[in-house]
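Here are the chains, one letter per residue:
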Amino acid sequence: MPLRDVLIALLVVAIWGFNFTVIKLSLSELPPLLSAALRFFFAAVPVVLFIPRPRAPWLLVAGYGLFMACSLYALLNLALFMGLSASLASLALQVQAMFTIAIAFFMFGEVPRRLQIVGGIVAFAGIGVIALGHGTGGGLFPLAILMLAALCWGVANNLSKRAGAIPMLPFVAWGNLIGSIPLFAFSYVFEGGPAIFSYIDPPSWNAVMLVAFLAYPATLFGFTMWSSLLSRHSAATVAPFTLLVPIAGISSGVLILGEPIHAADVAGGVLIFVGLILTVAKIRPRQVPLNPGA
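The structure presented is a predicted model; accordingly, all values stated were derived computationally and were not measured.

### Some words on the layout of surface pockets
Part 1: In this model, the largest pocket occupies a volume close to 160 Å³.
Part 2: Every residue lining the largest pocket is listed: L30, L38, F42, I200, P203, A207, V208, V211, A212, A215 and Y216.
Part 3: Taken together, the elements giving at least two residues each to the lining of the largest pocket come down to α2 (32-44) and α9 (205-232).
Part 4: Top element by residues in the lining of the largest pocket is α9. It accounts for six residues.
Part 5: Of the residues in the lining of the largest pocket, the class split is 11 nonpolar, no polar and no charged.

Here's what the structure looks like:
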């Protein structure tokens with residue numbers, strides 16, 4: 001992977017790590033499904049009015065929107081609303097990397113290199129170390145919901161890869177718009193019907209700023225860049241970068257939300273970093289001269 005793409009991936013995962021803290025803060029201003037709906041609606045509108053239609057089948061665009069915008073973030077927001085910490089969520093959701101690689105094996109026949117497998121094992125050992133330090137926090141049920149969210153992310157990653165090397169901004173923006181529609185419907189049904197309008201008429205300035213961050217840096221920029229990376233590189237190369245998300249997520253959770261930090265976080269973070277290096281590195285065999293004695 002070129003250095004430019006490595007730097008883009010690192011910027012995206014840093015934003016996504018901070019994203020968990022912002023989601024947690026937004027849930028003090030808005031119900032979880034409404035927060036997700038507003039996030040993806042404003043990540044799409046008015047952008048979709050000024051860009052061309054995506055160069056991908058509408059069924060693929062809709063599938064991406066339903067798995068990424070709707071399913072992933074409905075489930076993530078619900079898990080956080082039910083008490084899961086932002087730190088632990090940023091950690092546990094990264095099993096999506098393994099879901100992404102496994103689904104890519106069946107969809108595209110991508111077989112990860114041996115070094116990538118070793119790197120994944122080392123990195124997830126780091127995740128295990130951090131998880132042991134944090135414990136289960138909000139309980140098993142929110143964690144189970146989060147695992148479903150991780151599966152949805154893995155599916156969405158591969159749907160964006162299936163779209164191929166196309167301009168990803170239209171693909172992501174139109175997917176966001178499609179995904180926001182069922183989110184609004186679910187919010188209306190499950191979060192009190194007309195009562196949800198009391199949160200946005202008028203909205204608080206805190207809610208406006210939080211939704212703006214979630215909609216633009218975290219969603220429109222983040223997922224456009226991420227889908228673009230997936231279109232140019234194998235899923236086994238791109239997906240493991242998300243193993244760095246917990247470092248940013250735990251750091252922001254500690255500094256902003258006051259969530260506790262443990263020595264295991266540091267030890268696990270080192271393992272994650274080593275695992276990522278192993279996963280993205282490509283060792284070239286040493287060239288042996290044809291005439292060593294010449």
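Now that the structure has been shown, the text picks up again.
### Thoughts on the pattern of salt bridges
Note on pairing: side chains with opposite charge can pair once their charged atoms come close.
Part 1: Scanning all chains against the criterion turns up three salt bridges.
Part 2: Note that R4 is salt-bridged to D5, the shortest N-O span being 3.4 Å.
Part 3: Since its relative accessible area comes to 58%, R4 is described here as exposed.
Part 4: For D5, the salt bridge is made with R232, and the minimal N-O distance between the two is 2.9 Å. Residue D5 is located in helix α1 (residues 3-26), and its partner R232 is located in helix α9; the two are separated by 227 residues in the primary sequence.
Part 5: The network of salt bridges with shared partners includes R4, D5 and R232.

### As for α2
Part 1: In this model α2 runs 19 Å from its N-terminal to its C-terminal C-alpha over 13 residues, within 8% of the 18 Å that 1.5 Å per residue would give.
Part 2: Burial of α2 is extensive: 11 of the 13 residues sit out of reach of the surface.
Part 3: Considered for burial, the residues of α2 that qualify are P32, L33, L34, S35, A36, A37, L38, R39, F40, A43 and A44.
Part 4: Those residues of α2 that are buried are in contact with α1, α3 (58-81), α8 (168-190) and α9.

### What to know about empty space enclosed by the protein
Part 1: Per the stated rule, a full pass over the model turns up one cavity of 30 Å³ or more.
Part 2: The volume enclosed by the largest cavity comes to roughly 40 Å³.
Part 3: The wall of the largest cavity is formed by W16, N19, F20, Y73, L76, L93, W153 and V245.
Part 4: At the level of elements, α1 and α3 are the ones that each hand at least two residues to the lining of the largest cavity.

### Digging into the packing of aromatic side chains
Part 1: Tallying each qualifying case throughout the model produces 12 aromatic pairs.
Part 2: Residues F41 and F42 carry aromatic rings whose centres are separated by 5.2 Å and whose planes lie at 80 degrees to one another, so their mutual orientation is edge-to-face.
Part 3: For F41, a relative accessible area of 27% gives the class partly exposed.
Part 4: With centroids separated by 6.2 Å and ring planes inclined at 80 degrees, the aromatic side chains of Y73 and F223 adopt a geometry described as edge-to-face. Within this pair, whereas Y73 is found in helix α3, its partner F223 is found in helix α9, the two being separated by 150 residues in sequence.
Part 5: What makes Y73 buried here is its relative accessible area of 4%.
Part 6: Positioned above the aromatic ring of F108, the side-chain terminus of K161 is 5.9 Å from the ring centre.

### Let's talk about the confidence of the model for the protein
Part 1: Scored by pLDDT, the protein comes out at a mean of 84, with 92% of its residues at no less than 70.
Part 2: Here residues 285-294 scores under 50 on pLDDT; set against residues more than four positions off or in separate chains, the count is zero contacts.

### With respect to the nonpolar core
Part 1: In terms of nonpolar packing, the biggest core is built from 79 residues, with Y73, L76, L93, F171 and W226 touching the most fellow members.
Part 2: Considering every element that reaches this core, the biggest residue donor is α3, with 12 residues.
Part 3: Setting aside residues up to four positions removed in sequence, L93 forms contacts with F20, L72, L76, L146, A149, A150 and W153.
Part 4: L30, L38, I196 and V211 belong to the second largest nonpolar core, which has six residues in total.

Thresholds applied
- Residues numbered from 1 in each chain as written.
- Predicted model: local features only at pLDDT ≥ 70, side-chain atom pairs only at ≥ 80, totals over all residues.
- Heavy atoms only, no water.
- 1 Å grid on protein atoms, 1.4 Å probe; cavity = no way out; pocket = protein on both sides within 12 Å on 5 of 7 lines; lining within 4 Å.
- Points joined across faces, edges and corners; volume = space filled by probe spheres on them.
- Helix = DSSP H or I, 4+ residues; strand = E, 2+ residues; numbered from the N terminus.
- Nonpolar A, V, L, I, M, F, W, Y, C, P; charged D, E, K, R; others polar.
- Salt bridge = Lys/Arg side-chain N within 4 Å of Asp/Glu carboxyl O.
- Buried < 20%, exposed > 50% of the residue type's maximum accessible area, 1.4 Å probe, protein only.
- Expected span 1.5 Å × (residues − 1).
- Contact = heavy atoms within 4.5 Å.
- Phe/Tyr/Trp six-rings, centres within 6.5 Å; stacked < 30°, edge-to-face > 60°.
- Lys NZ or Arg CZ within 6 Å of the ring centre and 35° of its normal.
- pLDDT = per-residue confidence, 0-100.
- Core = buried A, V, L, I, M, F, W, Y, C linked by side-chain atoms within 4.5 Å.

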